[in-house]
Amino acid sequence: MKPPAFAYHAPPDLDTAVDLLAELGEDGKVLAGGQSLVPMMNLRLATPAALVDISRLGELGDLEVADDAVTLGAGVTSERLRTDDTATAAIPLLRQALDHVAHPVIRNRGTAVGSLVHADPAAELPAVLALLDGSVVLRSRDGTRRVVGSELFLGPLESDVRPEELATEVVFPIPPARTGTAFHELARRHGDYALAGVAVRVGLDADLRIDTARAAFIGVADRPVVIDVGAALAGQHHDALDTADAVGHARARLDPRDDIHATGAYRRHLAGVLLGRALEEAARRAATTDPTTPTAEEAT
Ligand SMILES: Cc1cc2nc3c(=O)[nH]c(=O)nc-3n(C[C@H](O)[C@H](O)[C@H](O)COP(=O)(O)OP(=O)(O)OC[C@H]3O[C@@H](n4cnc5c(N)ncnc54)[C@H](O)[C@@H]3O)c2cc1C
């Protein structure tokens, strides 16, 4: 399959890229790694008149780890992030999630920011962004604005990024100490999009009992679904969790549709099974994080 004819622009810098997007409006599309956009063009599901290639803009290649956040530019590939020991030590959930994303060849070109803007409801990184309360910075000729994860995803393959906007970076806040995370999913083949999956974060108190617990599900709705399951687990010891109430609470709030891959009922059941496993793993991990670092509560 070949895409329809399109104009190709390779701007030399960010300002020129933003100007081009303003001039092209609805006719233009950003090309990052091309791992989602090019297949869609080949299948004629996307027919932009012009592409603005940002893959060679060095200005978008930064990956910074500060005390409170991991920030990466729109040029950082999923594989670079997955294999960055500093970033993934600060936020282990990044690697836990990216281990499930596609294959090395695709991760070597596909960008983390591109995955967020693309907003596939079965993609892993959107759930991570929503769960960590991260945000994306969008730049246009009119200036910049920041969109938080809970507001970025509007529907399947639809994010709150306007045609004239370029997503320049994503910020993932670093969770406080005594937080553990896990990402569990089921895909028919390794590297395929998941039938369902879940990212969880569990926070423990000083006695290593559950203080907070949240989950972000993928593959069960038209965007990531974040559910607070803390009340169903509060006070339980980290290594003797009874997750039944949390699983029931989450299942009652999920209503996946039937499709050619699975029934909605199967997906809801699966989501609960994955949640139970992920909570147990995250709680174990939370107990082994450095307890000398204050929790968010202690720090304020
Ligand atoms: C076989 C296969 C399997 C895959 N499996 C998975 C999987 O299991 N999990 C998963 O999460 N993903 C999967 N992917 C998708 C892959 O992760 C993509 O790389 C990613 O979704 C998009 O990143 P990209 O840089 O390639 O974006 P592109 O394909 O270049 O762009 C995607 C969309 O985002 C827009 N865009 C990109 N960057 C910006 C920006 N900075 N500002 C504004 N708009 C932007 C583009 O205009 C386009 O609409 C798979 C892809 C393939 C081909």
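Residues numbered from 1 in each chain as written. Predicted model: local features only at pLDDT ≥ 70, side-chain atom pairs only at ≥ 80, totals over all residues. Heavy atoms only, no water.

**Concerning the site of the ligand**
At step 1: Close to the ligand lie 30 residues, the nearest being V30, G34, Q35, L37 and T111.
At step 2: Within the contact set of the ligand, an oxygen atom lies 3.2 Å away from a side-chain nitrogen or oxygen of K29.
At step 3: At 2.9 Å from an oxygen atom of the ligand is found a main-chain nitrogen or oxygen belonging to A32.
At step 4: Here the ligand loses 89% of its free accessible area of 970 Å² to cover by the protein chains.
At step 5: Residue assignment for the shell around the ligand shows that the elements contributing at least two residues are β2 (28-31), α7 (112-118) and β10 (166-173).
At step 6: With 5 residues, the top contributor of residues to the shell around the ligand is α7.
At step 7: Considered class by class, the residues forming the shell around the ligand number 15 nonpolar, 11 polar and 4 charged. (Near = heavy atom within 4 Å. Polar contact = N/O pair within 3.5 Å; in protein donor to acceptor, adjacent residues only side chain to side chain. Areas by Shrake-Rupley, 256 points an atom, 1.4 Å probe, with all protein chains shown as cover. Helix = DSSP H or I, 4+ residues; strand = E, 2+ residues; numbered from the N terminus. Nonpolar A, V, L, I, M, F, W, Y, C, P; charged D, E, K, R; others polar.)

**Notes on the pattern of salt bridges**
At step 1: Tallied over the full model, the rule gives 16 salt bridges.
At step 2: Where R139 meets D15, a salt bridge forms, and the shortest distance between an N and an O atom there is 2.2 Å. Of the two residues, R139 sits in strand β6 (residues 135-140) while D15 sits in helix α1 (residues 14-24), which places them 124 residues apart along the sequence.
At step 3: In this structure, the salt-bridge partner of D259 is R267, at a minimum N-O distance of 3.0 Å.
At step 4: Since its relative accessible area comes to 6%, R267 is described here as buried.
At step 5: Each of the salt bridges in this network shares a partner with another, and the network as a whole consists of E79, R82, D99 and R107. (Salt bridge = Lys/Arg side-chain N within 4 Å of Asp/Glu carboxyl O. Buried < 20%, exposed > 50% of the residue type's maximum accessible area, 1.4 Å probe, protein only.)

**Comments concerning the sheet that holds strand β14 (residues 225-228)**
At step 1: One open sheet accounts for 4 strands, arranged β11-β12-β13-β14; its pairing is antiparallel. Each edge of the sheet is formed by a strand with only one pairing partner; in this case those strands are β11 (179-186) and β14. Neighbour-to-neighbour, the strand axes of the sheet open up by a mean angle of 15 degrees, direction not taken into account.
At step 2: Of the pairings in the sheet, the one linking strand β12 (residues 196-204) to strand β13 (residues 210-218) comprises 8 bridges and is antiparallel in character. Each residue of the ladder has a partner; that of G197, found in β13, is I218.
At step 3: This element, helix α8 (residues 124-131), spans β11, β12, β13 and β14 of the sheet and lies at about 150 degrees to β13. (Pairing = 2+ DSSP bridges. Axes fitted to C-alpha atoms, helices over the stretch in contact; angles between N-to-C directions. Contact = heavy atoms within 4.5 Å.)

**A short note on the environment of G276**
At step 1: Following the sequence through the fold, G276 ends up in helix α11 (residues 264-287).
At step 2: With residues up to four places along the chain from it excluded, the contact list for G276 reads T243 and V247.

**Digging into the pairing of β12**
Walk down a regular strand and you will see the side chains alternate between the two sheet faces.
At step 1: In terms of residue burial, β12 counts as a mostly covered element, since 9 of its 9 residues are buried.
At step 2: For β11 and β12, the ladder comprises 8 bridges, and the chain directions are antiparallel. What sits directly across from F183, in β12, is A199.
At step 3: The turn joining β12 and β13, which pair antiparallel and follow one another in sequence, is formed by 5 residues; a positive phi near 65 degrees is taken by L208.

**Examining the domain arrangement of the protein chain**
At step 1: For the protein chain, the assigned domains are domain 1 (7-53), domain 2 (58-172) and domain 3 (179-289).
At step 2: Taken over C-alpha atoms, the centre of domain 2 sits 21 Å from the centre of domain 3.
At step 3: Taken together, the contact between domain 2 and domain 3 spans 24 residues of the former and 22 residues of the latter.
At step 4: When domain 2 packs against domain 3, close to 2,000 Å² is buried across both sides, 60% of that on carbon and sulfur atoms.
At step 5: When the area that domain 2 buries against domain 3 is broken down by residue, the three leading residues are H100, P121 and L131, summing to 29%. (Domains from an automatic or database assignment. Buried area = accessible area lost by both parts, 1.4 Å probe.)

**What about the nonpolar core?**
Across soluble globular proteins, nonpolar side chains have a tendency to be buried as a group.
At step 1: By size, the foremost hydrophobic cluster in this structure holds 48 residues, and its most contacted members are L72, L81 and F172.
At step 2: Of all the secondary structure elements, the ones that give two or more residues to this core are α1, β5 (69-73), α5 (92-98), α7, α8, β6, β10 and β13.
At step 3: If we ignore the near neighbours within four places in the chain, the residues touching F172 are D68, A69, V70, L72, I91, L94, V128, L129 and L132.
At step 4: Formed by 31 residues, the second largest nonpolar core is a distinct cluster that contains V198, F217, L241 and A271. (Core = buried A, V, L, I, M, F, W, Y, C linked by side-chain atoms within 4.5 Å.)

**Re helix α10 (residues 244-253)**
At step 1: What α10 keeps buried is the set A246, V247 and A250. Seen along its axis, α10 keeps its buried residues to an arc of 95 degrees; they face one direction. Residues D245 and A252 are exposed on α10 and point more than 90 degrees away from its buried face.
At step 2: The inward-facing, buried residues of α10 abut β13, β14 and α11. (Arc of directions from axis to C-beta.)

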